[in-house]
Amino acid sequence: MTEINYMTQGNATMPELNESAVQEWIVEVAQRLGQKVGCLTYVFCDDEYILKTNREFLGHDYYTDIITFDYTNSRHIAGDMVISLDTVASNAEMLGADYQNELMRVIIHGVLHLCGINDKGPGEREIMEQHENDALAILPDNVFKK
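Let me sum up the structure you'll find in this document. Just so it is clear, the model here is predicted, and its values are computed rather than measured.

The next thing to look at is the state of the cysteines. Across all of its chains, the model carries 0 disulfides by this definition. Here Cys39 is not cross-linked by a disulfide; its sulfur's nearest cysteine counterpart is in Cys115, at 15 Å. On the accessibility criterion, Cys115 (14% relative accessible area) is buried.

Attention now moves to the packing of helix H1 (residues 19–32) against helix H4 (residues 99–114). At a minimum axis distance of 10 Å, the contact between H1 and H4 shows a crossing angle of 45°. Judged by the inter-axis angle, H1 sits oblique to H4. Remark: the crossing between H1 and H4 carries right-handed chirality. Contacts from Val22, Trp25, Ile26 and Val29 in H1 reach Met104, Ile107, Ile108, Val111 and Leu112 in H4. Taken together, the residues of the contact of H1 with H4 sort by class into 9 nonpolar, no polar and no charged.

Taken together, the 4 strands give an open sheet; going across it, the order is E1-E2-E4-E3, and neighbouring strands pair in mixed fashion. If you trace the sheet from one side to the other, it starts and ends with strand E1 (3–8) and strand E3 (66–70), each paired once. Each neighbouring strand pair of the sheet contributes to a mean axis angle of 15°, computed without reference to strand direction. Both strand E2 (residues 37–45) and strand E4 (residues 77–84) contribute to a ladder of 7 bridges, which runs parallel. Across the sheet, residue Val37 finds its bridge partner in E4, namely Ile77. Running at roughly 45° to E3, helix H2 (residues 47–58) makes contact with E2, E3 and E4 of the sheet. Packed on one face of the sheet, H4 meets E2, E3 and E4 and runs near 145° to E4.

Rules and cut-offs
Residues numbered from 1 in each chain as written. Predicted model: local features only at pLDDT ≥ 70, side-chain atom pairs only at ≥ 80, totals over all residues. Heavy atoms only, no water. Disulfide = S-S within 2.5 Å. Buried < 20%, exposed > 50% of the residue type's maximum accessible area, 1.4 Å probe, protein only. Axes fitted to C-alpha atoms, helices over the stretch in contact; angles between N-to-C directions. Helix = DSSP H or I, 4+ residues; strand = E, 2+ residues; numbered from the N terminus. Parallel < 35°, antiparallel > 145°, perpendicular 65-115°, else oblique. Left-handed = near helix turned anticlockwise from the far one by under 90°. Contact = heavy atoms within 4.5 Å. Nonpolar A, V, L, I, M, F, W, Y, C, P; charged D, E, K, R; others polar. Pairing = 2+ DSSP bridges.

Printed below as a string of structure tokens:
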């Protein structure tokens, strides 16, 4: 059974997501990769919260846009994804990208990790980016509340 939860930490404000449209999109992307979606939790936060999380759980002393905690079992992908909205905004500005598009890229990036796609090894970043682009190509127009 698919369950997607959203929460905030730190000084983050909850994005205005159409949760049912986002869920349908995530399920479709996972299905295209041969996966079923179980329980996912998105924690939207600020830079300080993600830095603290990165230090505490991964021993990394830097900011990032997303940290994915994988609880996938043999039948369903599952996990917690901590997303710094501050870093998403900074990255969007640096790349000249639309903030909402960048947020959706990061949201699906975590799902792609749970589906087994990596981005740290040789050539893996390009594969991840292609999967992100493929997912964004099927993103419904109504994922944000009007």
